[in-house]
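Letter by letter, the chains look like this.
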Amino acid sequence: MISIPVEYLYILSIAFFVLSLKWMSEVRASRFGNLAGVVGMVVAVGATLAAYQIQRIDLVVVGVLVGAVVGTPIGLKVPMTAVPQRTAMSHAFGSLAVALVGVAEYYNRVPNLDVFTMSVLGGEIVLGFLTFMGSCIAFLKLQGLIPGRPYVYRGRNVVTLATLGLAIVFTIYLILDPSQQTVLPIMISLALLVGFNLVMGIGGADMPTVIATLNSFAGISAAALGFVLNNKVLIVAGALDGSSGLILAIIMSQAMNRSFNSILFGSVGKVLKEEQSAQAGRTVQQYTAEDVAIVLEGAKSIIIAPGYGMGVAQAQFVVKELADLLQKSGADVKFAIHPVAGRMPGHMNVLLAEANVSYDQLWEMEKINPLFPQADVAIVVGANDVTNPAARNKPDSPLYGMPILDIDKAKTIVFIKRSKGPGFSGVDNDLFYLQNTMMVFGDAKQVITDLVTQVKKRMG
Ligand code: NAP
């Protein structure tokens, strides 16, 4: 029986979780958001340990120590570019824990399981194991331990849905007769198969959206377990996790112009091969860092649009150095942040924060777009799709409808990338061929370093 003070502590920890989500949605407050989440979790775990009569506290201590020894170095050492796979691993562990507690509860209580409890437990176990396997596959793909391309075969969706259907049928069977203990391993195997089949069919580059969806599944199964254990903090935390994960997945799919259904069952991750003919016969104007430095000298308003390539090149530090130099010389420098630039939500914010770029200089897409017509120069650093006007004017393009940065409205456009190659979507970018576009080919870090040298030279 949970005593009243513990209930109060649970309310306190729930308040911290809600504040955490609220603060994490604002760049400025995000560090407090992270801290609030940690405090909320410490209060929830502490209250739970105090409320229940723990018979083997030594096992809890060993668990905490092992978790800390493994988790601390991972948390400290993981590079920003590896955050998506680290998140996938967290979901895998979280959902496995939830699923295993569900299995333990089943064997503890069987055959005294009423229809409600068995329904919630069954759904939670299936969702937990599905999420565990899906997250493991996402991790393996993102870490490059298995090829990232989608494994698609004829009838994949039918197989996935049939396996899921079968798992549901066995769950119903167990709800009707919980004493049929052999059914549980069959349910678990089917759930693992669904997770495997679902995520293997999705390309590595689409994994962040899949991870947000799996995050939502893990939250829902945790909330369900909360009902079984009659633990209110687990219900609320799981519901917050489940709903925020779902909202994030929907926002990401909208920002990438994909329907949510296509993420789960459509040919997600089928990266379109660039049509060679799209580029044939079209020429770009190639420039050097020195040429760009001359243009920048006369520029009063400069907008830098970073993308995935900046992250790959780890160019954020030299980009910050360039921005500081240009500002020192009297120009106004802003950063244009597209919601899905890079390969995970908030990718650009994280990289630029790492390089200590001031939050005031980061402008979200809706706010910066009206400013492009007044910009003298827009410098695109390793971004591509998020600038592609095909999203506006080519109804047959896979990008059509995706909101983009209005780079084309700037007086001069500078693209820094290694080649004319396309971005994630595989679509050629008409901006490369404009009269006022300067293409500077090379690794972003190298080109910006050269640019910094040239700008310094000109500044004397
Ligand atoms: P992008 O369209 O993928 O383009 C990135 C560009 O960076 C490439 O064209 C590449 O050109 C260049 N690049 C790669 N390495 C480089 C290096 N070392 N130095 C310089 N340039 C380099 O990226 P984006 O404009 O950021 O758009 C993001 C895309 O990812 C969107 O299509 C979005 O839908 C998708 N996506 C985003 C998320 C998310 O949550 N943010 C999740 C999943 C998918 P070169 O090869 O010529 O250098």
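For the structure itself, consult the block above.
All of these numbers come straight from a predicted model, not from anything done at the bench. (Residues numbered from 1 in each chain as written. Predicted model: local features only at pLDDT ≥ 70, side-chain atom pairs only at ≥ 80, totals over all residues. Heavy atoms only, no water.)

A. Structural view of the packing of helix 12 (residues 289-297) against helix 18 (residues 444-459). It is the contact of helix 12 with helix 18, at a shortest axis distance of 8 Å, that shows an interaxial angle of 50 degrees. Compared by their axis directions, helix 12 and helix 18 come out oblique. The interaxial crossing formed by helix 12 with helix 18 has right-handed handedness. The residues of helix 18 that touch helix 12, namely those facing Ala289, Glu290, Val292, Ala293, Ile294, Leu296 and Glu297, are Val447, Asp450, Leu451, Gln454, Val455 and Arg458. Class assignment of the residues belonging to the contact of helix 12 with helix 18 gives a composition of 8 nonpolar, 1 polar and 4 charged. (Axes fitted to C-alpha atoms, helices over the stretch in contact; angles between N-to-C directions. Helix = DSSP H or I, 4+ residues; strand = E, 2+ residues; numbered from the N terminus. Parallel < 35°, antiparallel > 145°, perpendicular 65-115°, else oblique. Left-handed = near helix turned anticlockwise from the far one by under 90°. Contact = heavy atoms within 4.5 Å. Nonpolar A, V, L, I, M, F, W, Y, C, P; charged D, E, K, R; others polar.)

B. Broad picture of the site of the ligand. Close contacts around the ligand come from 30 residues, with Gly342, Asn384, Asp385, Arg418 and Ser419 the closest. Between an oxygen atom of the ligand and a side-chain N or O atom of Arg343, the distance comes to 3.0 Å. The backbone of Asn384 places a nitrogen or oxygen atom 2.7 Å from an oxygen atom of the ligand. Out of a free accessible area of 920 Å², the ligand has 95% covered by protein chains. A per-element tally of the shell around the ligand places helix 13 (residues 308-313) first, with 4 residues. Taken together, the residues of the shell around the ligand sort by class into 16 nonpolar, 9 polar and 5 charged. (Near = heavy atom within 4 Å. Polar contact = N/O pair within 3.5 Å; in protein donor to acceptor, adjacent residues only side chain to side chain. Areas by Shrake-Rupley, 256 points an atom, 1.4 Å probe, with all protein chains shown as cover.)

C. Quick peek at the sheet that holds strand 6 (residues 437-441). The parallel open sheet is built from 6 strands, whose spatial order is 3-2-1-4-5-6. Looking at the sheet topology across the chains shown, the edges are occupied by strand 3 (362-364) and strand 6. Across this sheet, the average inter-strand angle for adjacent strands is 25 degrees, counted without regard to direction. Each of strand 1 (301-306), strand 2 (332-337) and strand 4 (377-381) is contacted by helix 14 (residues 316-328), which is oriented at about 145 degrees to strand 2, the strand it contacts most. (Pairing = 2+ DSSP bridges.)

D. Examining unusual backbone geometry more closely. A cis amide bond, omega 10 degrees, links Val110 with the succeeding residue Pro111. Mapped onto the secondary structure, Pro111 falls in the loop between helix 4 (83-109) and helix 5 (115-142). Not every positive phi belongs to a glycine, and Asn230 is a case in point at roughly 55 degrees. Its identity as a non-glycine residue notwithstanding, Gln314 has a phi of 55 degrees, on the positive side.

E. Looking closely at the packing of aromatic side chains. For the structure shown, the criterion picks out 4 aromatic pairs. Plain terms: the ring middles of Trp23 and Phe32 are 6.5 Å apart, the flat faces sit at 70 degrees to each other, and that makes the pair edge-to-face. Taking the relative accessible area as the measure of exposure, Trp23 reaches 31% and is therefore partly exposed. Given a relative accessible area of 55%, Phe32 falls into the exposed group. Seen in terms of ring centroids, Phe432 and Tyr433 are 6.2 Å apart; in terms of plane orientation they differ by 50 degrees. Their pairing is tilted. As far as burial versus exposure is concerned, Phe432 and Tyr433 are alike and both buried. An aromatic cluster is present here, built from Phe415, Phe432 and Tyr433 joined pairwise through their rings. Stacked on the ring of Tyr308, the Lys or Arg Arg343 has its end atom at 3.7 Å from the ring centre. (Phe/Tyr/Trp six-rings, centres within 6.5 Å; stacked < 30°, edge-to-face > 60°. Buried < 20%, exposed > 50% of the residue type's maximum accessible area, 1.4 Å probe, protein only. Lys NZ or Arg CZ within 6 Å of the ring centre and 35° of its normal.)

F. Region of interest: the pattern of salt bridges. Inspection of the entire model under this criterion finds 14 salt bridges. Notably, a salt bridge pairs Glu26 with Lys22, separated by 3.0 Å at the nearest N-O pair. Using a relative accessible area of 36% as the deciding quantity, one classes Glu26 as partly exposed. The salt bridge involving Lys320 is made with Asp324; its shortest N-O contact spans 3.1 Å. Of this pair, Lys320 and Asp324 both sit in helix 14, 4 residues apart, which is roughly one turn of that helix. A cluster of three or more residues bridged by salt bridges with shared partners is formed by Arg392, Asp406, Asp408 and Lys409. (Salt bridge = Lys/Arg side-chain N within 4 Å of Asp/Glu carboxyl O.)

G. How the structure looks around helix 14. Taking 1.5 Å per residue as the helical rise, helix 14 with its 13 residues ought to reach 18 Å, and the 18 Å between its terminal C-alpha atoms agrees with that figure. Inspection of helix 14 places Gln316, Val318, Val319, Lys320, Leu322, Ala323, Leu325 and Leu326 among the buried residues, and these make up the whole buried set. The positive-phi residue at the C-terminal boundary of helix 14 is Gly330, with phi of around 105 degrees. (Expected span 1.5 Å × (residues − 1).)

H. A nonpolar patch on the surface, seen in detail. A cluster of nonpolar side chains, contributed by Met41, Val45, Leu49, Tyr52, Ile54, Ile57, Val61 and Leu65, occupies part of the molecular surface with about 670 Å² of accessible area. Contributing elements (two or more residues each) for the nonpolar patch: helix 2 (30-51) and helix 3 (57-77). Checked against the element boundaries, Ile54 lands in the loop between helix 2 and helix 3. (Patch = residues over 30% accessible without salt bridge, like charges linked within 9 Å, V, L, I, M, F, W, Y side chains within 5 Å.)

I. The arrangement of the side chain of Gln316 in detail. Following the sequence through the fold, Gln316 ends up in helix 14. Residue classification places Gln316 among the buried positions, given a relative accessible area of 0%. Setting aside residues no more than four positions away along its own chain, Gln316 makes contact with Met310, Leu351, Glu354 and Ala355.

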